[in-house]
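Coordinates in review
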Amino acid sequence: MGLLKNIEWTDDRKDTIVYKYDMANDYVSKGSVLTVRDSQVAIFAHKGKMADVFLPGFYKLDTDSIPILTKIMSWKYGFENPFRSDIYFVSTRQFAGCKWGTANPIILRDADYGAVRVRGYGTYAFRVQDAYVFMQELSGTNSTFRTDDITGYIRSMVISGISDALGESGIPVLDMAGNLLELGEAVRKSMQPMFGKMGLELTNFVFENFSLPKELEEALDKNTSLGMMRGNMDVYTRMAQADALKEAAKNPGMAGATMGAGLGFGMGNMFGNMMRESKDSSAAETVVCAGCGARIPASAKFCPECGKAAGAVCPKCGKPVKAGAKFCPECGEKL
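Residues numbered from 1 in each chain as written. Predicted model: local features only at pLDDT ≥ 70, side-chain atom pairs only at ≥ 80, totals over all residues. Heavy atoms only, no water.

**Here's the deal with the environment of F210**
Selection criterion: By definition, any uninterrupted DSSP run of H or I lasting at least four residues is a helix, any uninterrupted run of E lasting at least two residues is a strand, and each is numbered from the N terminus. Buried, partly exposed and exposed residues are distinguished by accessible area as a fraction of the type maximum, computed with a 1.4 Å probe on protein chains only: under 20%, between the cut-offs, and over 50%, respectively. Contacts are assigned to residue pairs with any non-hydrogen atoms lying within 4.5 Å of each other.
Mapped onto the secondary structure, F210 falls in strand β12 (residues 200-211). Residue class for F210 comes out buried when judged on its relative accessible area of 16%. Residues F210 and V173, spaced 37 residues apart in sequence, show a C-alpha to C-alpha distance of 9.0 Å. The residues touching F210, leaving out its near neighbours within four places in the chain, are V118, R119, G120, L166, M176, L180 and L183.

And the structure:
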């Protein structure tokens, strides 16, 4: 029989939550001491029932330091003989970098697009907040308990929490990418009561990305492209018509084909617009007939109304004047 002198746990793994001290060939004596390091909690148990809990520190094991165990074992005057007890060390440090992801899409009701299926993934972190409750609810009498033993269960809780948090947030699906921090904090707060019942604390919850259905992404891309074109539709139309004219010039037979296909209608409109613009431009260049006062084209040599030679001349003295002049520079007559 070996008498334990110093009971301690040196955590050499990063994923161990609960470690059961090996008592196969050892007993606790009155001279034994217990060392509980930072980020650890030690729990003594008798026949599977949790008893005394020790926070970080150095303890000399006697009747005063293990009162609950003393009562369970009916030691009226303290223990004199060595005894054997189950001793568990629980890690209270933060376990970070645990991954989560939606195996199936979450259906959300969006104000713009109706029912939308979204997927997401990210990470979360947790720690043991109440070692006594955690041992009762999850670990039990397992010799070891690691993160892999609980992450699957936590992941299922996470998905349900995400669905509730996203539904209550009311954030449109197009704005979720810009509110990942707020969504993560909302999920963490909404899920903490569930974690608290297991003696755990959800310390952090991170959304790394959201993805929308492929059909919706394609529709959004198309709508964005159309939105860019709406402001310059006239430019795009002219460019398309010019390209069509170039192709038609390369292949004379193509013009008739494009006319039959409906492209010629666009060309006709383009030619009509060009002619109207030319006509309007020519109509704008007119002058006043010196004989009858009628407006005649600037390029006309004779007035079509009175037959007098066209040209800008003073009606009083007959001297030529510049186009647009308001008074004759020779006699001062108002034009």
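**A short note on the sheet that holds strand β4 (residues 40-46)**
Hydrogen bonds between backbone groups are what pair the strands of a sheet, and the pairing can be parallel or antiparallel. For clarity, the threshold we go by: Here, a strand pair is defined by DSSP locating no fewer than two bridges between the strands. With axes taken as lines fitted to C-alpha atoms, and helix axes fitted only over the stretch in contact, angles between N-to-C directions fall between 0 and 180 degrees.
Spatially, β5-β4-β7-β2-β11 is the arrangement adopted by the 5 strands of the open sheet, whose pairing is antiparallel. Edge positions in the sheet fall to β5 (49-54) and β11 (144-146), since each of these pairs with one other strand and no more. Within the sheet, the average angular offset between the axes of one strand and its neighbour, ignoring direction, is 20°. Of the strand pairs in this sheet, strand β2 (residues 16-20) and strand β7 (residues 86-91) are connected by 3 bridges, and their pairing is antiparallel. Paired with K20 across the two strands is Y88, which belongs to β7. Those strands touched by helix α3 (residues 148-169) are β2 and β11, and its axis lies near 45° from that of β11.

**Things to note about the packing of aromatic side chains**
Going by this rule: Two aromatic rings, drawn from Phe, Tyr or Trp (for Trp, its six-membered ring), form a pair once their centres lie within 6.5 Å of each other, and the interplanar angle then sorts them: stacked below 30 degrees, edge-to-face above 60, tilted otherwise.
This model, assessed by the stated rule, comprises 11 aromatic pairs. With a centroid separation of 4.9 Å and an interplanar angle of 70°, the aromatic rings of F54 and Y59 are classed as edge-to-face. Put simply, the rings of W9, Y19, Y21 and F89 touch in pairs and so form one group of aromatic residues.

**Some remarks on the side chain of S85**
Rule in force here: Throughout this description, a polar contact denotes any pair of N or O atoms lying within 3.5 Å of each other; where both atoms belong to protein, one of them has to be capable of donating a hydrogen while the other can accept it, and for residues adjacent in sequence the pair is counted only when both atoms sit in side chains.
Here S85 lies in the loop between α1 (67-72) and β7. Separated by 2.8 Å, the side chain of S85 and the backbone oxygen of A45 make a polar contact. In contact with S85, not counting residues within four places along its chain, are M23, F44, A45 and L69.

**So, unusual backbone geometry**
Of note, S39 is a non-glycine position whose phi angle comes to about 65°, a positive value. Tracing the chain through its elements places S39 in the loop between β3 (26-36) and β4. By relative accessible area, S39 is classed as partly exposed at 36%.

**Here we look at the nonpolar core**
Note the threshold: Residue types Ala, Val, Leu, Ile, Met, Phe, Trp, Tyr and Cys, when buried and joined through side-chain atoms within 4.5 Å, form a set referred to as a nonpolar core.
Membership of the largest hydrophobic core comes to 43 residues, with the highest contact counts inside it found for I17, F126, I162, L200, F205 and F207. Per-element accounting of this core gives the leading share, 7 residues, to α3. Judged by nonpolar contacts, the second largest core, of 17 residues, contains I7, V28, A42 and I66.

**So, the pattern of salt bridges**
Convention followed: By convention in these notes, a salt bridge is any Lys or Arg side-chain nitrogen within 4 Å of a carboxyl oxygen on Asp or Glu.
As enumerated under the stated definition, the model contains 4 salt bridges in all. Ionic pairing is found between K20 and D86, a salt bridge with its closest N-O pair at 3.8 Å. Of this pair, K20 sits in strand β2 while D86 is found in strand β7, placing the two residues 66 residues apart along the sequence. You can call K20 partly exposed: its relative accessible area is 27%. Taking relative accessible area as the criterion, D86 reaches 23% and is therefore assigned partly exposed. Linking E201 and R127 is a salt bridge whose minimum nitrogen-to-oxygen distance equals 2.8 Å. Highlighted residues: E201 in strand β12 and R127 in strand β10 (residues 114-128), separated in sequence by 74 residues. We classify E201 as buried; its relative accessible area is 18%. Given a relative accessible area of 27%, R127 falls into the partly exposed group.

**Section: the environment of P329**
Relative to the assigned elements, P329 resides in the segment after β14 (295-297). A sequence separation of 15 residues divides P329 from C314, and the C-alpha atoms of the two residues are 8.9 Å apart.

**Brief notes about the packing of α3 against helix α4 (residues 180-196)**
Stated formally: An angle counts as roughly parallel when it lies under 35 degrees, as roughly antiparallel when it exceeds 145, as roughly perpendicular when it falls between 65 and 115, and as oblique in every other case. Left-handed describes a crossing whose near helix is turned anticlockwise from the far helix by less than a right angle; the clockwise case is right-handed. Three categories are distinguished: nonpolar for Ala, Val, Leu, Ile, Met, Phe, Trp, Tyr, Cys and Pro, charged for Asp, Glu, Lys and Arg, and polar for the others, with Gly belonging to the last.
It is at 9 Å that the axes of α3 and α4 come closest, and there the two elements cross at 125°. As the angle between them shows, α3 and α4 are arranged oblique. In the crossing of α3 with α4, the sense of the turn from one axis to the other is right-handed. Contact with α3, carried on its side by I154, M157, V158, S160, G161, I162, A165, L166 and S169, involves L183, A186, V187, S190, M191, M194 and F195 of α4 and no other residues of that element. For the contact of α3 with α4, the class distribution of residues is 12 nonpolar, 4 polar and no charged.

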